[in-house]
Amino acid sequence: MITMKDIVREGHPSLQKVAKEVSLPITDEEKQLLNDMLIFLQNSQDEEIAQKYKLRAGVGLAAPQLGIEKRFIAVHFEDVDGKLYSYGLVNPKIISHSVEGCYIAGGEGCLSVDRVVEGYVPRYRRITVKATDIDGNPVKLRLKGYPAIVFQHEIDHLNGVMFYDHIDKENPFKTPDNAVPIE
Ligand SMILES: OCN(O)CCCc1ccccc1
Ligand code: NI
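Residues numbered from 1 in each chain as written. Chains lettered and ligands numbered in written order. Predicted model: local features only at pLDDT ≥ 70, side-chain atom pairs only at ≥ 80, totals over all residues. Heavy atoms only, no water.

Caption draft 1: Examining the overall build of the protein chain more closely. Across its full length, the protein chain holds three helices and eight strands. Counting from the amino terminus, the protein chain carries its helices and strands in the arrangement α-α-β-β-β-β-β-β-β-α-β. C-alpha extents for the protein chain along the principal axes are approximately 45 × 35 × 35 Å. Within the protein chain, buried positions represent 50% of all 183 residues. (Helix = DSSP H or I, 4+ residues; strand = E, 2+ residues; numbered from the N terminus. Buried < 20%, exposed > 50% of the residue type's maximum accessible area, 1.4 Å probe, protein only.)

Spelled out as structure tokens, the structure:
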């Protein structure tokens, strides 16, 4: 099972590179990896398991965070309406996005960053993501608000981008233009 010791921290080269496209169909080993990533997220959100294995709660994980420079991401969370987003995706790509932005009022964190980095992280408010799922089916997701933010955070990891790269250096709490806060 994946635990925190498997997650590389900032400074590790895998977090700074552009990860490679995965050739399809994915291998059984790659399927296992995606499943293990999803199970980690579920475990990290289970109070008992998280406490037992000292897991930090996460709503998403990207393969480069495991030192694996391949374009895999996993997400597991519910949105404010209780809709469950639980996906293991291959080669996710943002194919369109709104001009309008959004940001989490409390800022973002990252399992690969063992410190608080304050400030607003400007994100697109709406995105359309195309990917392949764990069974090789094409997936097209239209996402808005918090779900859109999570996917952007994970896809950033595939391109060597950390959440704090988006924070305004001069004024971290400058309200991003044309953007709405997400509580
Ligand atoms: O890359 C995953 N990760 O480090 C876990 C936290 C993910 C995340 C945190 C805040 C807002 C969006 C996504
Ligand atoms: Ni992260």
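More follows now that the structure is in view.
Caption draft 2: View of the side chain of His153. Tracing the chain through its elements places His153 in helix H3 (residues 146-158). Leaving out residues up to four positions away in the same chain, His153 has contacts with Glu108, Gly109, Cys110, Arg123 and Phe163. (Contact = heavy atoms within 4.5 Å.)

Caption draft 3: Structural context of the coordination of the nickel ion (ligand 2). Donor atoms from the polypeptide that bind the nickel ion (ligand 2) are Cys110 (SG), His153 (NE2) and His157 (NE2), placed at 2.1 to 2.4 Å. Around the nickel ion (ligand 2), the six donor atoms are arranged such that angles at the metal cover 28 to 148 degrees; this shape is classified as irregular. Donor residues for the nickel ion (ligand 2), ordered by position in the chain, follow C-x42-H-x3-H. Separated by 43 residues along the polypeptide, Cys110 in the loop between strand S4 (101-104) and strand S5 (123-124) and His153 in helix H3 bring together distant segments of the chain. When its relative accessible area of 9% is taken as the criterion, His153 is described as buried. (Donors = N, O, S within 2.8 Å, 3.2 Å for Na, K, Ca; no water. Tetrahedral: all angles 85-135°; square planar, octahedral: opposite > 155°, others 65-115°.)

Caption draft 4: Highlighting the packing of aromatic side chains. Using the criterion set out here, one finds six aromatic pairs in the structure. Taken together, a centroid distance of 5.5 Å and an interplanar angle of 85 degrees make the contact between Phe77 and Tyr146 edge-to-face. Of this pair, Phe77 sits in strand S2 (residues 72-78) while Tyr146 sits in helix H3, and the two are 69 residues apart along the sequence. Phe77 gets classed as buried once you look at its relative accessible area, which sits at 3%. A relative accessible area of 28% means that Tyr146 is categorised as partly exposed. Aromatic pair Tyr87 and Phe151: ring centres 6.4 Å apart, planes at 65 degrees, arrangement edge-to-face. (Phe/Tyr/Trp six-rings, centres within 6.5 Å; stacked < 30°, edge-to-face > 60°.)

Caption draft 5: Focus on the environment of Cys110. Overall, Cys110 belongs to the buried group, its relative accessible area being 4%. C-alpha of Cys110 to C-alpha of His166: the two residues are 56 residues apart in sequence and 13 Å apart in space. Those residues in contact with Cys110, other than ones at most four positions away along the chain, are Arg56, Gln65, His153, His157, Met162 and Phe163.

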